[in-house]
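One letter stands for each residue in the lines below.
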Amino acid sequence: MSLQSEQIIEKLKERIQSIELPDLSEEHGVVSTVGDGIAFVRGLRDVVSGELLKFDGDTYGLALNLEENQVGVALLGSDMNIRENDIVRRTSHVVQVGVGDALLGRVVDALGRPIDGKGDIKPDAMLNLERMAPGVMTRESVHESLFTGMKIVDAMIPIGKGQRELIIGDRQTGKTSMILSTILSQKGQNVKCVYVAIGQKASTVARVVKKLQDHGALDYTVIVSSAADESAPLQYISPYTGCAIAEYWMDKGEDVLVIYDDLSKHAVSYRTISLLLRRPSGREAYPGDVFYLHSRLLERSAKLNKQYGGGSMTALPIIETQAGDISAYIPTNVISITDGQLFLNLDAFNAGRRPAVDSGLSVSRVGSAAQTKAMKHVSSSLKLELASYYELLSFAQFSSDLDPETKRIIDHGERLVELLKQEDSSPLSHEMIVLSLFLNKYGYLDELEVKDVLPFEALMHKRMSTVYKEIVDTIAETHELSDETIESLKTIMPQLIQEYRDMNYGS
Ligand code: ATP
Ligand code: MG
């Protein structure tokens with residue numbers, strides 16, 4: 001009996017001696033704890049911050065915390081198959097994503113892998129997710145327009161190529177619709193689009209894809225999706241993935257529009273990772289470097305100068321506010337990083353003033369340099385007109401007896417607000433927006449009843465794009481309203497108003 005147990009002991013000793021322990025010092029490490037998408041790994045002495053690490057069973061991780069005795073790793077995938085004491089290997093490179101024209105029309109995950117079932121993607125190159133933003137000497141000031149197709153935005157808060165314009169508002173205020181309209185209006189404009197969905201419901205992403213497909217806009221768009229059910233690390237890297245994809249085209253001298261929908265959820269995913277990595281938390285439990293999280297992303301948008309190819313990356317980040325509070329931590333951070341914001345007002349949205357852009361709180365700090373002469377001509381007084389209308393409106397509620405001047409401003413304001421309304425996913429061309437605002441500038445709007453403003457506008461657009469096409473073409477080519485064009489429009493508009501009246505009210 002005792003002989004047998006001695007034999008067993010001998011056998012076990014042999015076994016233990018024959019085990020080859022990996023060299024834990026440099027290239028390998030072992031998992032000490034794992035859970036909630038985070039692993040702590042011992043060993044890996046030479047690992048660099050942001051390095052991609054490979055776990056057993058094809059899971060990858062991102063080295064984020066370099067501590068004295070261990071490395072904190074955010075797992076880019078499920079942690080179900082990772083166990084304590086599993087081996088972790090270095091890859092000696094940071095996380096990269098495949099970029100190139102093959103991505104157009106595709107839906108990919110945060111690591112650039114296709115998730116639309118349309119087969120593999122052959123990338124032109126691999127780029128690091130994180131990269132230094134273009135330096136001052138490589139940049140040029142914003143001077144070309146990027147049309148959003150929305151009257152209220154293109155007229156009052158114009159966006160230029162290379163600009164970063166924040167879209168901010170409560171939930172369900174038309175934020176996503178606004179960027180969809182912007183993507184749709186890039187059709188035929190040689191602007192590639194990258195839509196990054198961060199922490200969105202998969203059904204919302206599917207809706208976006210369908211809408212783009214239905215309007216023929218998917219061909220020039222890439223969708224990077226890290227849905228709400230994906231792990232926090234994947235949501236955390238997805239905007240950088242989108243940015244790297246866009247950067248490739250910018251470096252080739254092309255124009256790109258990139259949308260981050262939305263950065264509030266991005267900040268939350270980073271907070272989750274940071275807390276799990278036991279980093280110290282600060283205001284609203286966000287880690288101290290949450291500003292850098294967004295600044296290093298948005299700073300990569302630029303308008304490059306000719307010497308560097310002249311490409312541009314315009315960024316439209318989205319932030320969701322709680323009860324319209326734009327002075328919360330993350331909103332103020334992103335407002336200070338961007339070159340302006342479009343504030344969407346929930347009350348206006350519910351009152352039917354859609355798009356619900358708040359003309360008082362919205363601003364574009366650099367875009368007006370990019371606005372066309374024609375647009376400037378017809379929209380210069382809009383902000384003031386709206387401001388005086390809203391001011392008088394609140395005060396006129398208390399009195400029924402208004403003096404003629406107040407009544408005139410209110411009547412005009414009502415018509416102007418009506419004119420600035422626009423349906424979901426129906427972007428207008430630059431020329432059509434100029435023509436609509438021409439009605440306001442030259443007083444034709446005041447000849448119409450409020451309810452007739454939008455139907456008349458539709459008729460006018462129809463006639464202008466068929467009967468008077470040469471005028472529209474001239475505006476499109478020159479981006480100017482010459483005296484001659486203004487004179488012709490002054491004869492055409494009254495005729496069209498008469499035609500509208502005859503059609504609707506009889507002669
Ligand atoms: P969430 O906070 O859920 O992301 P959101 O702010 O992105 O919401 P959207 O999803 O764009 O809002 O829009 C909410 C709803 O309002 C949608 O059903 C959309 O069709 C409608 N909507 C948005 N803009 C307009 C508009 N200009 N005219 C009419 N309906 C609109
Ligand atoms: Mg949305």
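Definitions and cut-offs
Residues numbered from 1 in each chain as written. Chains lettered and ligands numbered in written order. Predicted model: local features only at pLDDT ≥ 70, side-chain atom pairs only at ≥ 80, totals over all residues. Heavy atoms only, no water. Helix = DSSP H or I, 4+ residues; strand = E, 2+ residues; numbered from the N terminus. Buried < 20%, exposed > 50% of the residue type's maximum accessible area, 1.4 Å probe, protein only. Contact = heavy atoms within 4.5 Å. Areas by Shrake-Rupley, 256 points an atom, 1.4 Å probe, with all protein chains shown as cover. Lys, Arg positive; Asp, Glu negative; His and termini not counted. Charge placed at Lys NZ, Arg CZ, Asp CG, Glu CD. Pairing = 2+ DSSP bridges. Axes fitted to C-alpha atoms, helices over the stretch in contact; angles between N-to-C directions. Near = heavy atom within 4 Å. Polar contact = N/O pair within 3.5 Å; in protein donor to acceptor, adjacent residues only side chain to side chain. Nonpolar A, V, L, I, M, F, W, Y, C, P; charged D, E, K, R; others polar. Parallel < 35°, antiparallel > 145°, perpendicular 65-115°, else oblique. Left-handed = near helix turned anticlockwise from the far one by under 90°. 1 Å grid on protein atoms, 1.4 Å probe; cavity = no way out; pocket = protein on both sides within 12 Å on 5 of 7 lines; lining within 4 Å. Points joined across faces, edges and corners; volume = space filled by probe spheres on them. Disulfide = S-S within 2.5 Å.

(A) Quick look at the overall build of the chain. Each helix and strand counted, the chain has 16 helices and 16 strands in total. Per-residue burial over the chain gives 53% buried out of 507 residues. Taking all contacts inside the chain whose residues are at least 6 apart in sequence as the whole, residues at least 24 apart take part in 74%. Of the roughly 23,500 Å² that the chain leaves accessible, carbon and sulfur atoms contribute 52%. Here the chain carries 53 positive and 71 negative side-chain charges, and the mean point of each set is 2 Å from the other.

(B) A look at the sheet that holds strand β4 (residues 60–66). Spatially, the six strands close up into a barrel ordered β1-β2-β5-β4-β3-β6, and their pairing is antiparallel. Recorded for the sheet is a direction-independent mean angle of 45° between the axes of neighbouring strands.

(C) Structural view of the site of ligand 1. Taken together, 15 residues form the shell around ligand 1, and within it Q172, K175, T176, S177 and D424 come nearest. G174 places a main-chain nitrogen or oxygen 3.0 Å from an oxygen atom of ligand 1. Surface burial for ligand 1 is 77%, taken as the share of its 630 Å² of free accessible area covered by protein chains. Of the residues contributing to the shell around ligand 1, the split by class is two nonpolar, six polar and seven charged.

(D) Representation of the pairing of strand β10 (residues 166–169) within the structure. Along β10, one buried face is formed by L166 and I168 and the opposite face, lined by I167 and G169, is buried too. Bridge analysis of β10 against strand β15 (residues 340–344) gives four bridges, and the strand direction is parallel. The residue bridging I167 from the neighbouring strand is L342, located in β15. Both β10 and strand β14 (residues 312–320) contribute to a ladder of three bridges, which runs parallel. Counterpart to G169 in the pairing with β14 is E320.

(E) Layout of the packing of helix α14 (residues 453–466) against helix α16 (residues 483–505). Here α14 crosses α16 at 125°, and the two axes come no closer than 10 Å. It follows that α14 is oblique to α16 by the angle criterion. You can see that α14 and α16 cross each other, and the crossing is right-handed. Touching P455, F456, L459, M460, R463 and M464 of α14 are L489, I492, M493, L496, I497, E499, Y500 and M503, all from α16. Class assignment of the residues belonging to the contact of α14 with α16 gives a composition of twelve nonpolar, no polar and two charged.

(F) Structural view of the layout of surface pockets. In this structure, the largest pocket occupies an estimated 920 Å³ of space. Considering the residues around the largest pocket, the lining is formed by 35 residues, among which T173, G174, K175, S177 and F349 are closest to the centre. Of all the secondary-structure elements, those providing two or more residues to the lining of the largest pocket are α3 (175–184), α4 (202–214) and α14. Here the element with the most residues in the lining of the largest pocket is α3; it accounts for five residues. Of the residues contributing to the lining of the largest pocket, the split by class is seven nonpolar, 14 polar and 14 charged.

(G) Examining the state of the cysteines more closely. Within this structure, the stated rule accounts for zero disulfides. As a non-bridged cysteine, C193 has C243 as the owner of its nearest cysteine sulfur, 15 Å distant.

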